[in-house]
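# Structural features, examined
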Amino acid sequence: MTSLSQIALAPLGAAYGAIVRARLALYRRGHLRVMRVGGPVLSVGNLTAGGTGKTPLVEWLAREIAKREGLRVCILTRGYGRADVRRRVVVSDGARVLADAREAGDEPLLLAERLLAEGVAVVCDADRAAAARFALAELHSEVFILDDGFQHLRVERDLNIVALDATDPWGGGRLLPAGLLREPIRELSRADCVIVTRAELSKDLEGLCADASRLSGGRPVFTARTRMIGARLLARAEQSEGVITESGQMLTETKETLPLAQLPRAVAAFCGVGNPRAFFLNLKGEGFELKRARSFADHRRYTRQDVMEIEVGARSVGAQALLTTAKDAVKLRALRFALPCYAVEIELRIDEEEELLEFARKAIADFDKRRL
């Protein structure tokens, strides 16, 4: 964003900031009610709009709690980009995937599919307190992970995790819409701990961690790294080993994850994520010759026309294949590609994973002690 644009948008940023501060004050003074939901709540959120690597962090936390602690985990999410945000959608009950990308949104569906083996439920609802009560009664959930929960003050949480994207941690230092900040940086002090994501792309990781510690009031700061581990070919339904969801959608990606070294080097990449720059930088870091890179709005619902334009552009620069994200892939299953199109798989590594898990365990244990 240019400085002229920022100046022009400054009055809107000031108005937005006044609204944010007033809302925070109402919660702090008790005029707006904070609700307990009957189970421990672990919140994962951020200070800025756009992608901070939050979804892989939610996935990692849910998997580890379910596997290591043997607890029934439910992810509570608003479900951005879904067809009807007013409707509650049980994306997964922990045993089955029950919705498609249009009903659930891309990130909830991706989480539901990836965490099915661990029995993790995923529920979309704008009223996450009501969704938690539903999950307690109907799904017998024991632990809740509040996705994108830092600004969702209505639900009381037992652990408040804030993700900072190493490529743009402070959102330009300005509130929306002049910058990317959802609320003032000083509100980082509400966090119980901070996780710097995409640490591998930081130019000064030590300095960033020191700033995060200072601005959060000395809270623990962890670091997470994203690594591309392979890719899956998007295939026709009859060529895959997909399954049918209850909504009738075929899951069409092939199950086999190919090493990145087996993919063509000359590629075109596209995505509709919050931080497309990080995706493209990681591809270049893996040695791909990025002939063309196209970004769409976050949560893009792709059309046949989009695919045709992507392929025409890729062919015009000599790309031999298309690369996209796993999040985008869940919305491309009904479309067909003439060029090979691969969904890149990533792995999140927490540098201090045992320490972070201990935070989560303590939060769950403290909730159980208060209930006794």
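Basis of the calculations
Residues numbered from 1 in each chain as written. Predicted model: local features only at pLDDT ≥ 70, side-chain atom pairs only at ≥ 80, totals over all residues. Heavy atoms only, no water. Buried < 20%, exposed > 50% of the residue type's maximum accessible area, 1.4 Å probe, protein only. Helix = DSSP H or I, 4+ residues; strand = E, 2+ residues; numbered from the N terminus. Contact = heavy atoms within 4.5 Å. Polar contact = N/O pair within 3.5 Å; in protein donor to acceptor, adjacent residues only side chain to side chain. Lys, Arg positive; Asp, Glu negative; His and termini not counted. Salt bridge = Lys/Arg side-chain N within 4 Å of Asp/Glu carboxyl O. Core = buried A, V, L, I, M, F, W, Y, C linked by side-chain atoms within 4.5 Å. Phe/Tyr/Trp six-rings, centres within 6.5 Å; stacked < 30°, edge-to-face > 60°. Pairing = 2+ DSSP bridges. Right-handed = clockwise from strand over helix to strand, strands pointing away. Expected span 1.5 Å × (residues − 1). Disulfide = S-S within 2.5 Å. Axes fitted to C-alpha atoms, helices over the stretch in contact; angles between N-to-C directions. Parallel < 35°, antiparallel > 145°, perpendicular 65-115°, else oblique. Left-handed = near helix turned anticlockwise from the far one by under 90°. Nonpolar A, V, L, I, M, F, W, Y, C, P; charged D, E, K, R; others polar.

## Details of helix H5 (residues 128–139)
Three or more residues of H5 are buried, namely Arg128, Ala129, Ala130, Ala131, Ala132, Ala135 and Leu139. Structurally, H5 contributes buried residues whose contacts are with strand E2 (73–77), strand E4 (121–124) and strand E5 (143–147). Capping the start of H5 is the job of one residue whose side-chain oxygen sits 3.3 Å from the backbone nitrogen of Ala129: Asp127. Within two residues after H5, His140 carries a phi angle of roughly 60 degrees, on the positive side.

## Side note on the side chain of Glu311
The residue Glu311 is located in helix H8 (residues 304–316) in this model. Among buried Asp, Glu, Lys and Arg side chains, Glu311 stands out as unpaired, with Arg304 the closest opposite charge at 4.4 Å. Separated by 3.0 Å, the side chain of Glu311 and the backbone nitrogen of Leu339 make a polar contact. Leave out the neighbours within four places in its chain, and Glu311 touches Arg304, Leu322, Phe337, Ala338 and Leu339.

## A closer look at the nonpolar core
Core analysis: the biggest nonpolar cluster contains 43 residues, and Leu42, Leu57, Leu61, Ile65, Ile75, Val91 and Ile161 have the highest contact counts within it. When residues in this core are grouped by element, the largest group, 7 residues, is from helix H2 (residues 54–69). Not counting residues within four places of it along the chain, the set of residues in contact with Ile65 comprises Leu42, Gly70, Leu71, Val73, Val143, Leu357, Ala360 and Ile364. Core analysis: the second largest hydrophobic core is formed by 18 residues, Ala231, Leu260, Cys271 and Phe280 among them.

## Some words on the packing of aromatic side chains
All told, the structure shown has 4 aromatic pairs when counted by the stated rule. Seen from their ring centres, Phe279 and Phe280 are 5.7 Å apart, and the 45 degrees between their planes marks the pair as tilted. Residue class for Phe280 comes out buried when judged on its relative accessible area of 12%. Arranged with centres 5.3 Å apart and planes meeting at 80 degrees, the rings of Phe296 and Tyr302 form a pair that is edge-to-face.

## Quick notes on the pairing of strand E10 (residues 289–295)
Residues in a regular strand point their side chains to alternate faces of the sheet. Two strands pair when backbone bridges link them, and strand E9 (residues 266–271) and E10 are joined in this way by 6 bridges, in the parallel orientation. Following the sheet pairing, Ala268 is matched in E10 by Arg292. Chirality of the crossover, the property in question, places the unit of E9, helix H7 (residues 276–285) and E10 among those that are right-handed.

## Re H2
Structural remark: α-helix, 3.6 residues per turn; residues separated by three or four positions point the same way. With 16 residues, H2 should cover 22 Å at 1.5 Å per step; its first-to-last C-alpha distance of 22 Å lies within 8% of that length. Counting buried residues along H2, 12 of its 16 residues qualify, which places the element largely inside the surrounding structure. Those residues of H2 that fall on the buried side of the exposure criterion are Lys54, Thr55, Leu57, Val58, Glu59, Trp60, Leu61, Ala62, Arg63, Glu64, Ile65 and Ala66.

## Remarks on the state of the cysteines
Considering all chains together, one arrives at 0 disulfides under this definition. The structure places no disulfide on Cys124, whose sulfur is separated from the nearest cysteine sulfur, that of Cys74, by 9.9 Å. Free of any disulfide, Cys209 has its nearest neighbouring cysteine sulfur in Cys193, separated by 13 Å.

## Here's the deal with the packing of H2 against helix H4 (residues 106–114)
Closest axis-to-axis distance for the H2/H4 pair is 11 Å, and the angle between their directions is 30 degrees. Judged by the inter-axis angle, H2 sits roughly parallel to H4. As for how H2 packs across H4, the hand of that crossing is right-handed. Packed against H2, whose contacting residues are Thr55, Val58, Glu59 and Arg63, the element H4 presents Glu107, Leu111 and Arg114 at the interface. In terms of residue class, the contact of H2 with H4 is made up of 2 nonpolar, 1 polar and 4 charged.

## Some remarks on the sheet that holds E4
Overall, mixed pairing links the 12 strands, which are arranged E3-E4-E2-E5-E1-E6-E7-E8-E12-E11-E9-E10 in an open sheet. At either end of the open sheet lies a strand with only one pairing partner, and these are strand E3 (89–92) and E10. Taking the axes of each pair of neighbouring strands and ignoring which way they run, one obtains an average angle of 25 degrees across the sheet. In terms of strand pairing, E3 meets E4 through 3 bridges, oriented antiparallel. Bridge pairing in E4 places Ser92 opposite Val122.

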